[in-house]
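Listed below are the residues making up each chain.
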Amino acid sequence: MEAVLPGGAVRAFPRATPLSAIAEAFDPSLAGRAIAAVVDGVEKDIYLPLQQSGRLEFITPESPRALEIYRHTTSHLLANAVKDLFPEVKIGIGPATEEGFFYDFERAEPFTPEDLERIERRMREIKKADHPIRRIEQPKEEALAYFRKLGDNLKVELVAEKGGAVVSCYRQGNFMDFCTGPHLPSTGAIGAFKLLTVAGAYWKGSEKNQQLQRIYGTAFPTEDQLQEHLRLLDEAKKRDHRKLGPALDLFSVEETAGPGLIFWHPNGTIVRQILEDFWKEEHRRRGYQLVTTPHIARDELWRQSGHLDFYKENMYTFEIEEAGYVIKPMNCPGHSLIYKSRLRSYRELPIRYAELGTVYRYERSGVLHGMMRVRGFTQDDAHIYCTRDQIVDEIKGVLDLVITFLKTFGYDRYEIDLSVRDPAHLEKYAGDDTGWRMAEDALTQALESRHLSYIRREGEAVFYGPKIDVRMFDAIGRPWQGPTVQFDFNLPQRLGIQYVAPDRSQTPVVMVHRAIYGSLERFVGGLVEHYAGAFPVWLAPVQAVVLPITDRTLDYAREIQDLLRAAGLRCDLDVRNEKIGAKIRDAQIKKVPFMLVAGDREAQSRTVSVRSRREGDLGPMGLEAIRDRIAQMDGGRVLGP
RNA sequence: GCCGACGUAGCUCAGUGGUAGAGCAACUGAUUCGUAAUCAGUAGGUCGCCGGUUCAACCCCGGCCGUCGGCUCCA
């Protein structure tokens, strides 16, 4: 029997040699370090024997796959501990996740933070006991009988639904769970872990089912990695826009006015307006026409568009003089009315209508989240109306726009999803087959012509058309919902959006929805976290602050402020009777990019001592020089310090 | 909406049934100072809201509102 490693190394072994022994034979440094193996592409527990010749690969704690195995095994450890402490609890599912792991439990009493501590202590005891973790393959009936006897009805349901005639379970000490594996070879092999929170979660993710208690935790091979992860969580907390936003006086949410409604303060409004101006400029340049549509409209429009059927529970409606009205939850019907206000010829296509349109949507209270998920928000919405042979160019144009924006804001890592129909259920989609194929081809072609890699997601398209979604990653690597481009085969049909073709026939138009920011609220919230509140000069609400050392230089300081203001820069002046250290500290906390210290020396030489919020003291500079430097960073949309 | 936790001064947080506290911020005064907090004083609270228990409630109980962590849903 032969084992082949990825490097090509080959060795012979007696039949049924344990994988761990093979690992050690190949490379003594792997002894006790290999946590699992991949045999001919299938993951196996490390203590299992090799039954026939094959290609082998070993998973060590450093392997990318290792994390998931550690976490999954830790989730079993969690369930094991919970069962020990609360035998009456029924266990649900317990997978590894991106950030750690969880396990769902059914229990009448809620788990308290004290329970979590007890559970964690028990987990450590079981880890210390170092029980071997062993895979058991048994007839489905036996596994069912086992969980039935324990009264673990959730598990019984799972085993019954999944698995073939023979199912695999993993046993450690007195605890056994239904699982495909692989797992670490023993509880002692488990690394560093920590339980984090408990939350409600519906059984099998459906609101119709009972709600279970989900205990979240995270786990890593080493304590250092765990600590680093906790540090990152802490860093994310410091960047939280819900904390920084009000602290930097950007926005607030007012209980009196209602949840999910954003009040943009002067500082936030500066950032917002810069985004709006930049957006308008880029759109006009690319042949978009700006439009403005009303915030309310008769319900008839929404009946025609279909929203009253499929979007009703998200819409605010009211009645005036016996007529029903809707507060707009979307801009597309309005734009389409402008299109339809007269006959359109193929000669005027494509038509691109763009609007920073404020919409209101009822969102369930539990989903609201700072500026990210709100009930009133402004979409940077545009709709492209074109013919079928224009769509590839149009999509290319949108992608170019998207890339420009991502670059400008410093989102240099992103992923693209192409969501297409579920080939198994073509009947649930609006529009004709040729249209869908053309649209999908157009999206693909455009992506490829721009050399953008993407992930094709079958069945992820919405019912009215295929789409491209961009996921952008912020400065600390977290993903954010970014730009989106969607075809719509439904609305043109429902609203009769057509153009007169060269043969004089009325032809349905192709409609594309697209947004770059998504919503100004969400985008600005994202920027706050991306920059940790330290906006680049071009976006900073205050770009520079003049700090006089004493009242003697107050007039000189005013002069500097005026000079910068005259250049169109946003410059504050700290007139408080404070020591320079205190003024600097406060400017640092407000994350002002430049501090301009003006004391007697500077007044004498008509200079300022420049301090950068990131680089500290830069020494004295001439007034015009610093003004020009800041103006250059402003105009050039420089991202640096 | 559902499960759980939380809600005390502008902010961060003490306060376990007997008249509500600190630091920072604010205000006033003194100080005029060189790269992340000068000193002193003053003011600031129907303890989220409503109801109940009690001689007495920030504290115990119930309802509601809001926030947070999730689920579900989404720009």
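That block above? That's the structure.
Below you will find a few notes about this structure.

### Re the overall build of chain A
Right, so step 1: The number of helices and strands found in chain A is 19 helices and 34 strands.
Right, so step 2: The principal-axis extent of the C-alpha atoms belonging to chain A is close to 85 × 80 × 55 Å.
Right, so step 3: When burial is assessed residue by residue, chain A has 51% of its 641 residues classed as buried.
Right, so step 4: Just so you have it, chain A exposes about 30400 Å², and 50% of that area is on carbon and sulfur atoms.
Right, so step 5: Each charge class in chain A was averaged separately, 87 positive and 92 negative side chains, and the resulting centres sit 1 Å apart.

### Considering the protein's contact with RNA strand B
Right, so step 1: By nearness alone, 56 residues border RNA strand B, and Gln211, Arg373, Asn577, Arg585 and Glu602 come closest of all.
Right, so step 2: In this structure, a base nitrogen belonging to RNA strand B sits 2.8 Å away from a main-chain N or O atom of Val374.
Right, so step 3: In this structure, a base oxygen belonging to RNA strand B sits 3.1 Å away from a side-chain N or O atom of Arg522.
Right, so step 4: Breaking the surface near RNA strand B down by element, the ones donating at least two residues are β13 (192-202), β14 (211-220), α7 (241-247), β22 (376-386), β29 (510-519), α17 (580-589), α18 (600-605) and β33 (607-612).

### Structural notes on the sheet that holds strand β24 (residues 455-458)
Right, so step 1: Strand order in this open sheet of 8 strands is β17-β21-β22-β29-β26-β25-β23-β24, and the pairing throughout is mixed. Every interior strand has two partners, whereas the edge strands, β17 (289-290) and β24, have only one.
Right, so step 2: Across 7 bridges, strand β23 (residues 413-420) lies against strand β25 (residues 467-473) in antiparallel orientation. The residue of β25 that forms the bridge with Tyr414 is Met472.
Right, so step 3: Contacting β21 (351-360), β22, β23, β25, β26 (479-488) and β29, helix α12 (residues 391-408) runs over the sheet at an angle of about 5° to β29.

### Quick look at empty space enclosed by the protein
Sizing a probe to match a water molecule and rolling it over the atoms shows the empty space that remains.
Right, so step 1: Evaluation of the coordinates by the stated rule reveals 3 cavities of 30 Å³ or more.
Right, so step 2: Each pocket or cavity is described by its volume, and for the largest cavity that value is around 40 Å³.
Right, so step 3: The wall of the largest cavity is formed by Tyr411, Met472, Trp480, Gln481, Tyr517, Arg522, Phe523 and Gly526.
Right, so step 4: Mapped onto the lining of the largest cavity, the elements with two or more residues apiece are β26 and α15 (520-530).

### Considerations on the environment of Met438
Right, so step 1: As for its placement among the helices and strands, Met438 is situated in helix α13 (residues 433-449).
Right, so step 2: Once the C-alpha coordinates of Met438 and Arg388 are considered, the two residues, 50 residues apart in sequence, prove to be 7.7 Å apart.

### With respect to the side chain of Glu521
Right, so step 1: Turning to its location among the elements, Glu521 is positioned in helix α15.
Right, so step 2: On the basis of relative accessible area, Glu521 is assigned to the buried category, the value being 3%.
Right, so step 3: Excluding its chain neighbours within four sequence positions, the residues that come into contact with Glu521 are Ile262, Trp264, Arg272, Met371, Val374, Gly376, Phe377 and Thr378.

### Details of the side chain of Thr17
Right, so step 1: Position of Thr17 among the secondary structure elements: in strand β3 (residues 17-18).
Right, so step 2: For Thr17, a relative accessible area of 12% corresponds to the buried category.
Right, so step 3: Discounting chain neighbours no more than four positions away, the residues touching Thr17 are Met1, Ile22, Leu48, Pro49 and Leu50.

### Examining helix α2 (residues 66-85)
Right, so step 1: For α2, with 20 residues, the first-to-last C-alpha span of 29 Å sits near the 28 Å given by 1.5 Å per residue.
Right, so step 2: Among the 20 residues that make up α2, 16 are buried, leaving the element largely enclosed by the rest of the structure.

### Section: the nonpolar core
Right, so step 1: Within the largest apolar cluster, 66 residues are counted, with the highest numbers of intra-cluster contacts made by Phe409 and Phe487.
Right, so step 2: Here this core takes 10 residues from α12, the largest share from any one element.
Right, so step 3: Contacts of Phe487, omitting those with residues within four sequence positions, involve Ile391, Ile395, Ala439, Ala442, Leu443, Tyr464, Gly465, Pro466, Val510, Met511 and Val512.
Right, so step 4: One finds Ala79, Phe111, Leu116 and Leu184 within the second-largest nonpolar core, a separate group that totals 30 residues.

### Here we look at unusual backbone geometry
Right, so step 1: In this chain, Gly181 is followed by Pro182 through a cis amide linkage whose omega measures 0°.
Right, so step 2: Its location among the elements puts Pro182 in the loop between β12 (175-178) and β13.

### Structural notes on a nonpolar patch on the surface
Right, so step 1: Taken together, the side chains of Leu196, Tyr216 and Leu233 present a nonpolar region at the surface, about 220 Å² in accessible area.
Right, so step 2: You can see Leu233 is positioned in helix α6 (residues 223-239).

### Observations regarding the state of the cysteines
Right, so step 1: Scanning the entire structure with this criterion turns up 0 disulfides.
Right, so step 2: Not part of a disulfide, Cys179 finds its nearest cysteine sulfur in Cys169, a span of 8.6 Å.
Right, so step 3: Under the relative-accessibility criterion, Cys179 is labelled buried at 7%.
Right, so step 4: In this model Cys386 remains outside any disulfide bridge; the closest cysteine sulfur is found in Cys332, 16 Å from its own.
Right, so step 5: We classify Cys386 as buried; its relative accessible area is 0%.

### Things to note about the sheet that holds strand β4 (residues 36-39)
Hydrogen bonds between backbone atoms are what pair the strands of a sheet, whose relative direction is either parallel or antiparallel.
Right, so step 1: Spatially, β2-β1-β7-β4-β5 is the arrangement adopted by the 5 strands of the open sheet, whose pairing is mixed. The two strands at the open ends of the sheet, each matched to only one other strand, are β2 (10-12) and β5 (42-45). The mean inter-strand angle of the sheet, taken between neighbouring strand axes irrespective of direction, is 35°.
Right, so step 2: In terms of strand pairing, β4 meets strand β7 (residues 54-59) through 4 bridges, oriented antiparallel. Each bridged residue has a counterpart across the sheet, and for Val39 the counterpart in β7 is Leu56.
Right, so step 3: Docked against the sheet, helix α1 (residues 19-26) engages β1 (2-4), β2, β4, β5 and β7, running at close to 85° with respect to β7.

Conventions used here
- Residues numbered from 1 in each chain as written.
- Chains lettered and ligands numbered in written order.
- Predicted model: local features only at pLDDT ≥ 70, side-chain atom pairs only at ≥ 80, totals over all residues.
- Heavy atoms only, no water.
- Helix = DSSP H or I, 4+ residues; strand = E, 2+ residues; numbered from the N terminus.
- Buried < 20%, exposed > 50% of the residue type's maximum accessible area, 1.4 Å probe, protein only.
- Areas by Shrake-Rupley, 256 points an atom, 1.4 Å probe, with all protein chains shown as cover.
- Lys, Arg positive; Asp, Glu negative; His and termini not counted.
- Charge placed at Lys NZ, Arg CZ, Asp CG, Glu CD.
- Near = heavy atom within 4 Å.
- Polar contact = N/O pair within 3.5 Å; in protein donor to acceptor, adjacent residues only side chain to side chain.
- Pairing = 2+ DSSP bridges.
- Contact = heavy atoms within 4.5 Å.
- Axes fitted to C-alpha atoms, helices over the stretch in contact; angles between N-to-C directions.
- 1 Å grid on protein atoms, 1.4 Å probe; cavity = no way out; pocket = protein on both sides within 12 Å on 5 of 7 lines; lining within 4 Å.
- Points joined across faces, edges and corners; volume = space filled by probe spheres on them.
- Expected span 1.5 Å × (residues − 1).
- Core = buried A, V, L, I, M, F, W, Y, C linked by side-chain atoms within 4.5 Å.
- Patch = residues over 30% accessible without salt bridge, like charges linked within 9 Å, V, L, I, M, F, W, Y side chains within 5 Å.
- Salt bridge = Lys/Arg side-chain N within 4 Å of Asp/Glu carboxyl O.
- Disulfide = S-S within 2.5 Å.

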